[in-house]
Amino acid sequence: MRIGILTCWSSKDNYGQQLQCWALQQYLRGQGHQPYLVRFVAQCPSLWKHVMNKFQLSTFKHLISGRRSREKAEWRIEKQLAAINKANNPKREFDKFRNKYIAMSDRIYTTLSELRESPPVADAYITGSDQVWFDTLSNPNNRAWYLDFGSESVLRISYAASIGREILPSEQKLFTRLIQRLDAVSVREQSGWEQCQRASRTDIMQVIDPTLLIDSQSYSALTKGEKLHNEDYIFVYVLNVRTQQEIHAGEIESYRLSKGLKLKTVYSSGYYQGRNLFEGNDSLSATIPEWITLIRDARCVASSSFHGIVFSIIYHRSFVAIPLTGKRSKANARLTSLLGSLGLQERIMADGSDFKALMDKPIDWDDVERRLSALRSKSWEFLRDALSKKKKI
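As the structure is a prediction and not an experimental result, all values here were calculated from the model.

Enquirer: Please clarify how the overall build of the protein chain should be interpreted in this entry.
Expert: Looking only at helices and strands, one finds 15 helices and eleven strands in the protein chain. Based on the C-alpha atoms only, the size of the protein chain along its principal axes is roughly 65 × 55 × 40 Å. The proportion of buried residues among the 393 residues of the protein chain is 54%. The long-range fraction of contacts in the protein chain, counting pairs at least 24 apart against all pairs at least 6 apart in sequence, stands at 77%. Each charge class in the protein chain was averaged separately, 57 positive and 42 negative side chains, and the resulting centres sit 5 Å apart.

Enquirer: I keep staring at the pattern of salt bridges and nothing clicks. Help me out?
Expert: Evaluation of the coordinates by the stated rule reveals 23 salt bridges. In this structure, Asp360 engages Lys259 in a salt bridge whose closest nitrogen and oxygen atoms are separated by 3.3 Å. Of this pair, Asp360 sits in helix H14 (residues 355-360) while Lys259 sits in helix H10 (residues 249-259); the two residues are 101 residues apart in sequence, bridging distant segments of the chain. We classify Asp360 as partly exposed; its relative accessible area is 32%.

Enquirer: Is there a simple way to think about the nonpolar core in this case?
Expert: Counting residues in each nonpolar core, the largest one holds 64 residues, and the members touching the most others are Tyr159, Tyr219, Phe235, Trp291, Phe311, Ile313 and Phe319. At eight residues, the largest contribution of residues to this core is made by helix H1 (residues 15-30). Excluding residues within four positions of it along the chain, Tyr219 makes contact with Leu19, Trp22, Ala23, Thr211, Ile214, Ile292, Phe311, Ile314 and Tyr315. Listed in part, the 31 residues of the second largest apolar core include Trp133, Ile163, Leu178 and Leu182.

Conventions we followed
Residues numbered from 1 in each chain as written. Predicted model: local features only at pLDDT ≥ 70, side-chain atom pairs only at ≥ 80, totals over all residues. Heavy atoms only, no water. Helix = DSSP H or I, 4+ residues; strand = E, 2+ residues; numbered from the N terminus. Buried < 20%, exposed > 50% of the residue type's maximum accessible area, 1.4 Å probe, protein only. Contact = heavy atoms within 4.5 Å. Lys, Arg positive; Asp, Glu negative; His and termini not counted. Charge placed at Lys NZ, Arg CZ, Asp CG, Glu CD. Salt bridge = Lys/Arg side-chain N within 4 Å of Asp/Glu carboxyl O. Core = buried A, V, L, I, M, F, W, Y, C linked by side-chain atoms within 4.5 Å.

Remember, this is a structural readout, not a statement about activity or role.
Shown next as structure tokens:
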């Protein structure tokens with residue numbers, strides 16, 4: 001079966017985004033299918049709507065209030081960091097990775113109209129994983145993430161789709177209509193499942209992220225067997241945090257010194273531009289295989305990234321998960337859902353938590369693997385059943 005996949009793909013430094021895209025294709029190829037990435041990047045119809053999509057009303061209130069100067073200062077910092085990251089990102093070789101490992105459409109689509117006028121040729125479309133339903137439906141082009149295009153004969157499936165926010169009342173009616181059109185629906189976290197239930201789609205399944213559909217041996221196709229770093233180290237992957245306090249840099253440094261470990265860090269951009277938050281440490285602009293290897297060979301891992309934690313689990317590394325704070329905290333749902341299902345919820349850093357105690361707490365990896373095996377089987381079953389459905393026209 002030829003399968004066109006819509007997912008987030010265009011980042012220059014988000015490792016999890018690229019690996020979830022590769023992993024889903026890898027799994028589907030193993031089942032005899034011909035998957036490929038439909039390269040879609042939603043275009044904002046106007047500058048005003050772009051601003052409205054990116055910032056909540058509270059942000060504008062802050063600009064009008066006495067917080068204006070602080071907001072302007074943060075924007076200047078983001079602009080400076082964007083320039084630094086643009087210069088460093090070619091070292092990560094993301095374009096090289098995609099060209100080598102990910103089957104892609106020749107064309108890049110930017111609007112819903114383009115997809116409707118010249119739909120990608122496929123027997124089935126899959127939307128997901130990653131936060132494909134995060135951007136609001138006030139931008140009509142975001143309806144493409146719900147597969148609102150193409151022939152009625154094409155199967156439409158969501159796999160581990162993530163919302164990462166609350167669907168707004170103003171978009172609830174359209175959201176309901178769009179997910180009702182899908183032939184099979186699965187989401188990645190409990191909060192997404194609940195929102196689909198409220199939209200009267202009751203046949204929802206909660207499944208695992210594509211990176212967990214395959215095991216550690218499958219990633220050997222991407223990595224070299226030898227170690228890249230001979231010393232013992234703690235690996236810190238920084239994503240979607242802006243301050244040392246948010247990443248608990250002080251506690252991490254104290255732990256590192258107490259254990260005699262080196263520090264290896266990588267940062268990426270997400271909601272915010274990536275930045276190095278550890279003084280005196282040179283962060284690595286790792287390639288994707290190098291990033292996997294950094295986790296695989298670490299003594300332990302601390303990360304604010306969902307996929308940083310996922311790969312710690314895949315490689316049985318002791319870890320501490322650092323949740324996001326403030327207005328981005330709703331994105332923690334995918335992390336809490338996964339760790340809760342694996343019996344690892346206590347590894348999330350909370351107010352008053354002792355970082356050292358969390359990191360040193362033993363993990364029963366046999367129990368984790370039993371739970372993960374059950375989740376993996378359930379997710380395989382969803383995809384098999386969804387792709388074998390007969391389309392009702």
